Amino acid sequence: MSNWEILWSARDQFWRGFFSTMEIFGLSISAAFAIGCGMLYLLEGSRPRLTVPLRVFIDGMRMLPFLILAYLLYYGLPAFDVRLDAWWSGVGALAVYHGCYFAEIFRGARLTFPPGQVEAAKAHGFTKGKMFFRLILPQIVMQTRPLLGNQLIYALKDTAFLVIITVQELTAAANSLSGTYFIPTEAFIVVIGFYWVVSVVMEIIIKQCGRFSAKRGFDNV
Amino acid sequence: MFEKNTSEQTASEKTVPDDAARTDRTAVSIRHLSKSFDGVEVLRDVDLEVREGDVVTILGSSGSGKSTLLRCINWLEQPDSGSIHIGGQRIGVNDAGRPMPVRELAQVRARTGMVFQSFNLWPHLNVLHNVTEAPIYVLGKSKAEAEAHARELLEKVGMSAKANAYPSTLSGGQKQRVAIARALAMQPEVMLFDEPTSALDPELVGEVLAVIKDLSAEGYTMIIVTHEMAFSRAVSDKVVFLDKGLIIEQADPETFFTNPSTERVRKFLEREVI
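Residues numbered from 1 in each chain as written. Chains lettered and ligands numbered in written order. Predicted model: local features only at pLDDT ≥ 70, side-chain atom pairs only at ≥ 80, totals over all residues. Heavy atoms only, no water.

In this section: the overall build of chain B. Counting its regular elements, chain B contains 10 helices and 10 strands. A globule of 274 residues ought to have a C-alpha radius of gyration of about 19 Å, and chain B, at 18 Å, matches this closely. With the principal axes as the frame, chain B shows a C-alpha extent of 50 × 50 × 35 Å. Counting across all 274 residues of chain B, residues that qualify as buried make up 55%. Measuring between centres, the 31 positive side-chain charges of chain B sit 4 Å from its 39 negative side-chain charges. (Helix = DSSP H or I, 4+ residues; strand = E, 2+ residues; numbered from the N terminus. Rg over C-alpha atoms; globule rule 2.2 N^0.38 Å. Buried < 20%, exposed > 50% of the residue type's maximum accessible area, 1.4 Å probe, protein only. Lys, Arg positive; Asp, Glu negative; His and termini not counted. Charge placed at Lys NZ, Arg CZ, Asp CG, Glu CD.)

What follows deals with the pattern of salt bridges. For the structure on display, the rule yields 16 salt bridges over all chains. Among the ionic pairs, Arg107(A) bridges to Glu104(A), the shortest N-O distance being 3.0 Å. On the criterion of helical spacing, the pair formed by Arg107(A) and Glu104(A) is a turn pair, its members being 3 residues apart in helix 5 (residues 86-111). Take Arg107(A): its relative accessible area is 18%, and that puts it in the buried class. Arg264(B) is the partner of Asp243(B) in a salt bridge, and the nearest nitrogen-oxygen pair spans 3.1 Å. With Asp243(B) in strand 9 (residues 238-243) and Arg264(B) in helix 10 (residues 263-271), this pair connects stretches of sequence that are 21 residues apart. Connected through shared salt-bridge partners, Asp59(A), Arg62(A), Glu104(A) and Arg107(A) make up one network. (Salt bridge = Lys/Arg side-chain N within 4 Å of Asp/Glu carboxyl O.)

In the numbering used here, UniProt assigns the "domain: ABC transporter" (unreviewed entry) feature to residues 28-269 of chain B. End C-alpha to end C-alpha, residues 28-269 of chain B measures 27 Å, and it is 37% helix and 25% strand. (UniProt positions renumbered as here; feature names shortened; annotations may be inferred.)

Our focus in this paragraph is unusual backbone geometry. Residue and element names in this part refer to chain B. With phi around 50 degrees, Asp45 is a residue other than glycine that occupies positive phi space. Mapped onto the elements, Asp45 comes out in strand 2 (residues 40-51). The class for Asp45 is partly exposed, based on a relative accessible area of 45%. Positioned with a positive phi, Asn120 is a non-glycine residue whose angle comes to about 55 degrees. With respect to the helices and strands, Asn120 occurs in the loop between strand 6 (112-115) and helix 4 (127-137). A relative accessible area of 9% places Asn120 in the buried class.

Turning to helix 7 (residues 202-217) of chain B, a few remarks are in order. Counted at 1.5 Å a residue, the expected span for helix 7 of chain B with its 16 residues is 22 Å, and the 23 Å between its end C-alpha atoms agrees. Within the sequence span of helix 7 of chain B, burial applies to Leu204(B), Val205(B), Val208(B), Leu209(B), Val211(B), Ile212(B), Lys213(B), Leu215(B), Ser216(B) and Ala217(B). (Expected span 1.5 Å × (residues − 1).)

All names here are of chain B. Here we have 6 strands laid out as an open sheet, ordered 6-7-8-3-9-10, and mixed in their pairing. Looking at strand neighbours, the two that pair on one side only are strand 6 and strand 10 (246-251), the edges of this open sheet. Here the strands of the sheet are splayed against their neighbours by 20 degrees on average, with no regard to which way each runs. One ladder, built from 4 bridges, connects strand 3 (residues 55-59) with strand 9; its direction is parallel. In the sheet register, Val56 faces strand 9, and the bridge partner there is Lys238. With respect to the sheet, helix 7 is in contact with strand 3, strand 7 (190-194) and strand 8 (222-225), its orientation differing from that of strand 8 by roughly 150 degrees. (Pairing = 2+ DSSP bridges. Axes fitted to C-alpha atoms, helices over the stretch in contact; angles between N-to-C directions. Contact = heavy atoms within 4.5 Å.)

In this section: the sheet that holds strand 2 of chain B. All names here are of chain B. The 4 strands lie next to each other as 2-1-4-5, forming an open sheet whose pairing is antiparallel. The open sheet is flanked by strand 2 and strand 5 (89-90), the only strands paired with a single partner. Where strand 1 (residues 26-37) lies against strand 2, 8 bridges are found, and the strand directions are antiparallel. Residue pairing across strands places Lys35 opposite Leu43, the latter belonging to strand 2. Against the sheet, helix 2 (residues 66-73) makes contact with strand 1, strand 2 and strand 4 (81-86), and its axis sits at roughly 120 degrees relative to strand 1, the strand it touches most.

This part covers the side chain of Ser199(A). Residues and elements named next belong to chain A. Looking at the element boundaries, Ser199 is found in helix 10 (residues 184-215). At a separation of 2.8 Å, a polar atom in the side chain of Ser199 contacts the main-chain carbonyl oxygen of Tyr195. Those residues in contact with Ser199, other than ones at most four positions away along the chain, are Ile153 and Leu156. (Polar contact = N/O pair within 3.5 Å; in protein donor to acceptor, adjacent residues only side chain to side chain.)

Our next topic: the interface of chain A and chain B. The interface is formed by 21 residues belonging to chain A together with 25 residues belonging to chain B. Taken over both partners, the interface formed by chain A and chain B buries close to 2200 Å², and the fraction arising from carbon and sulfur atoms is 61%. When the area that chain A buries against chain B is broken down by residue, the three leading residues are His124(A), Arg134(A) and Arg216(A), summing to 30%. Linking chain A with chain B are 2 salt bridges. A salt bridge links Arg134(A) to Glu133(B); the nearest nitrogen and oxygen atoms lie 2.7 Å apart. Across the contact surface, chain A and chain B share 10 residue pairs in polar contact (both at pLDDT 80 or more). Counting only elements with at least two residues in the side of chain A that touches chain B, the list comes to helix 6 (115-123) and helix 7 (128-143) of chain A. Among the elements that make up the side of chain A that touches chain B, the one with the highest residue count is helix 6 of chain A (7 residues). Of the residues assigned to the side of chain A that touches chain B, the class counts are 8 nonpolar, 7 polar and 6 charged. (Buried area = accessible area lost by both parts, 1.4 Å probe. Nonpolar A, V, L, I, M, F, W, Y, C, P; charged D, E, K, R; others polar.)

In structure tokens, the structure reads:
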């Protein structure tokens, strides 16, 4: 039986790992997007008591290796009587970590947002919340589309780190098969294929979204 | 070109006669308004009354405080002192003399419509949605009602054929006409125009001025900051001249342009081709 045949016979294990990865990725990236939007909203205006700690938190997260954060949530929190299982620790770490990256991407775009549009919104009686969610955020998201696409791929790849805290995802499946049958090369080549396919699909989706943005004059990015 | 009240105007251009539209009620009242930026006084003790249905144009050289005065009216700039009332309601400060809560300020602002020099359309929304956005999300109108009104306004400014276009595909003049429709959609008590033609190619100025002229014929209360002298003369009920933050002359257009009372205005007009 060749190594490839062994892997084919164990394909269910790959599929379970793949669906687990996609579940973790989908949930954590959705939460990260919401966190990024929420942070951007809180950074609106000039309230230093709120914005300074938030900026410190965002920068702190960006300067932290993801693996350390995952370790902290899984192994560190029990010291404070907070116990999360591996799966939720992983999702939480990914959501917070990439949420901060989203916030920073959005913040950069917000700095160059045309102030005239905000004035027009104020002049038409918009309050802060409606102005943000109806007028500012949609444009920020369209403008930062390529950076968001990059971040999605980073987040997908970061799910592989969760094998370290025993999350049973795609890399864990390859790791397990590699250990059981001692076929590391083929097992990890299969995993690479999975990550590539998902990344390519995401790239295509982001490009399609680009048409939506380009129609509205956001094709300069 | 911009004759007011001439027999050449069609019935559709003058759906409401000027005299009927104009009342003695005050639309905007500005008292002792002062504003400075970094210690530089931009407005000094400005008083101005605008009656309902009046068209007031504000003239003056660059840096005289024209735009700042206009932006104070809807509190985009916060004056240092003085008061502004729109339709009898004070803006920016509540009855107790405290800064107005944000929500209340937004409501008073919505009683004015502002048209900016650089249009400031929202590029992610098409023309129709630019016009319906504030009526739906600020005034709470239904989508159907807002769209029906928006289509009427786009027809009025000659932009109904572009209802589904996005701002990036429009010319400057078209953008400004959409911006006018967007402001009108709020059914404002007073329209504020901040140099509405300054960012336009000379060829496109006429189409925007024609729309504003139509609005004046319909009896809209308007305050217009402009450098277009002929337009100001044709459309105004009152011309105000600002110099170094002071109103040094305000008069009806004929008096202002033919017999100004100050040397400063006389010199200013000499430099302009009317």
